[in-house]
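# Breakdown of the fold
The chain contents come next:
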Amino acid sequence: MATSRDFYDTLGVSRDVSADDMQRAYRKLARTYHPDINKDPGAAERFKDISEAYDVLSDPEKRHRYDAFGPDFRQVPPDVDPQTWARARAGAGAGGGRARGGGSGRARRSGGPDEDVYIRSGGFQDIDLESMFGGMFGGRGGRGGGGFGPIPGADQEAGIELTVEDAYTGGRRTVTLSGPDGNRTLDVTIPPGATDGQRIRLSGQGGRGGDGATDGDLYLVVRLAPHPRYRVSGRDITVTLPLAPWEAALGASVAVDTPGGKANVQIPPGTPSGRRLRLKGQGLPHPRGQPGDLYAEARIMVPPKLSDEERRLFEQLAAVSTFDPRSQS
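Reference entry: report on the structure contained in this document. For clarity, every value in this text was computed on a predicted model and none was experimentally measured.

Further remarks concern the overall build of the protein. A count of helical and extended segments in the protein gives 9 helices and 16 strands. In the protein, which comprises 329 residues, the proportion classed as buried is 42%. Counting contacts in the protein only where the partners sit at least 6 residues apart, residues at least 24 apart contribute 58% of the total. Working note: accessible area of the protein is about 17900 Å², and carbon and sulfur atoms make up 49% of it.

Structure below.
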């Protein structure tokens, strides 16, 4: 389970790693262990561990709390001093404070066996603060003796991985989370156009409050899975558009796949390889604003094998053309 392992070790980085180096390490590991790429039985679990570690360490505030409190950072109230927490933990270890372990779960939405989302619980752990802190948080008697009274439940996070297509369409999903008290099944609404890193709030589904206090919230953090066709930046999507030499030279109207279906792209005459053609508003939708754009990036392809007639025509073109691609700046 990810919560029993050091997040820095999981990503293979040092504790003083920069944000850029950590992102590079995460991307390298994600490409290696993503279940769509790596069919090893343990790859999916390893990928979930990697994603959870990056979810935490890529957020400066969560990373700071993780550095201060370790795996318990989600359960620690925001005003607790790290040294006080460490002393309380040491006392609990010696005197019997109790904690119920959590874990990572896998959620399968109702679409079918090939349409999985991965839920990485940050550890649905409930720590008995009363026994650990000797009543400093109040206990069942309320504030008793200058304590803090009822303690609201801690907010928790889990990662939910979506394909680009699922993020584009959004919709209802049924997910199952594994926790210390068994599995929980939740109905989740994914907004159309969910972006990488977006947090989806499930009110009252986080840690349980103590002494009648309100429960915390659960936040599902969206991660877009690597896609063989689409590259996503914010709400903009880039897709490679293969073109025949004559389409690029003469211009054409060609169809391109987008997450929302087929779209026609007008290819201007003389389009070079690498040119980006913009389809306004064809990127990820935005429920409360402007949608992103889709960019079709031209890639000129040549026939892998020529027929006799094709060879003759290419030779004829070579004989009459004055075009020299190596003279272009």
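The next point concerns the packing of aromatic side chains. Scanning the entire structure with this criterion turns up 4 aromatic pairs. Ring plane angle 45° and centroid distance 6.2 Å describe the contact between Tyr8 and Tyr66, whose orientation is recorded as tilted. With a gap of 58 residues between them, Tyr8 in helix α1 (residues 7–11) and Tyr66 in helix α4 (residues 60–69) connect regions that are remote in the sequence. Comparing Tyr8 with Tyr66, the two get one shared label, buried. A ring pair is formed by Tyr66 and Phe73, whose centres lie 5.8 Å apart and whose planes are at 85°; its orientation type is edge-to-face. Of the residues examined, Phe73 reaches a relative accessible area of 4% and is grouped as buried. Site record: aromatic cluster; members linked through ring pairs are Phe7, Tyr8, Tyr66 and Phe73. Against the face of Tyr33 rests Arg46, its NZ or CZ located 5.1 Å from the ring centre. One Lys or Arg, Arg229, reaches over the ring of Tyr230 and ends 5.6 Å from the middle of that ring.

The next point concerns the nonpolar core. Residues Phe7, Leu11, Leu57 and Tyr66 are the most contacted members of the largest nonpolar core, which totals 21 residues. Those elements that place two or more of their residues in this core are α1, α2 (19–33), α3 (43–57) and α4. Among the elements that line this core, the one with the most residues is α3, at 6 residues. Excluding its chain neighbours within four sequence positions, the residues that come into contact with Tyr66 are Arg5, Asp6, Phe7, Tyr8, Arg15, Val56, Leu57, Pro71 and Phe73. In this structure, Val164, Tyr230, Ala248 and Ile267 belong to the second largest nonpolar core, which totals 19 residues.

The subject of this paragraph is the environment of Asn264. Positionally, Asn264 belongs in strand β14 (residues 261–267). Asn264 gets classed as exposed once you look at its relative accessible area, which sits at 58%. Measuring from C-alpha to C-alpha, the distance between Asn264 and Ser253 comes to 6.4 Å, with 11 residues separating the pair along the chain. Not counting residues within four places of it along the chain, the set of residues in contact with Asn264 comprises Ser253, Val254, Ala255 and Leu279.

On to the pairing of strand β15 (residues 276–279). Taking every second residue as pointing to the same face, the buried face of β15 carries Leu277 and Leu279, while none of Arg276 and Arg278 on the other face is buried. In terms of strand pairing, β15 meets strand β16 (residues 294–300) through 4 bridges, oriented antiparallel. Residue pairing across strands places Leu277 opposite Ala296, the latter belonging to β16.

If you walk through the whole model with that rule in mind, you get 16 salt bridges. The shortest N-O distance in the salt bridge between Glu297 and Arg231 comes to 3.5 Å. With Glu297 in strand β16 and Arg231 in strand β11 (residues 230–233), this pair connects stretches of sequence that are 66 residues apart. A salt bridge links Arg326 to Asp324; the nearest nitrogen and oxygen atoms lie 3.7 Å apart.

What follows is about the sheet that holds β11. Taken in spatial order, the 4 strands make up an open sheet running β11-β12-β16-β15, and their pairing is mixed. Two strands bound the open sheet, and with one partner strand each, they are β11 and β15. On average, adjacent strands in this sheet sit at an angle of 30° to one another, irrespective of strand direction.

Spanning 15 residues, α3 covers 21 Å between terminal C-alpha atoms, matching the ideal 21 Å at 1.5 Å per step. Along α3, 13 of the 15 residues are buried, which leaves the element largely enclosed by surrounding structure.

Analysis parameters
- Per chain, residue numbering runs from 1 following the sequence as it is written.
- Two thresholds apply to this predicted model, a pLDDT of at least 70 for residue-level local features and 80 or more for giving and counting side-chain atom pairs, whereas whole-chain, interface and lining totals are computed over all residues.
- Excluding hydrogens and water, the side-chain figures rest on all heavy atoms present in the structure.
- By definition, any uninterrupted DSSP run of H or I lasting at least four residues is a helix, any uninterrupted run of E lasting at least two residues is a strand, and each is numbered from the N terminus.
- Relative accessibility decides the category of a residue: with a 1.4 Å probe and only protein chains considered, values under 20% of the type maximum give buried, values over 50% give exposed, and everything between is partly exposed.
- We call two residues contacting when some pair of their heavy atoms lies within 4.5 Å.
- Note on areas: these come from Shrake-Rupley sampling with a 1.4 Å probe, and a residue is covered only by the protein chains present in the view.
- Here is the rule: rings of Phe, Tyr and Trp (six-membered ring for Trp) pair when centre to centre is within 6.5 Å. Planes less than 30 degrees apart are stacked, more than 60 are edge-to-face, and the remainder are tilted.
- Here, a charge over a ring is recorded when the distance from Lys NZ or Arg CZ to the ring centre is within 6 Å and its angle to the ring normal is within 35 degrees.
- The nonpolar core is taken to be a set of buried Ala, Val, Leu, Ile, Met, Phe, Trp, Tyr and Cys residues, with the residues joined through side-chain atoms within 4.5 Å.
- Pairing between strands is defined by DSSP: at least two bridges between them are needed.
- Put simply, a salt bridge is a Lys or Arg side-chain nitrogen that is within 4 Å of an Asp or Glu carboxyl oxygen.
- For every element, the axis is a line fit to its C-alpha atoms; helices are fit only across the contacting stretch, and the angle between N-to-C directions ranges from 0 to 180 degrees.
- What a helix should span is 1.5 Å times the count of its residues minus one.

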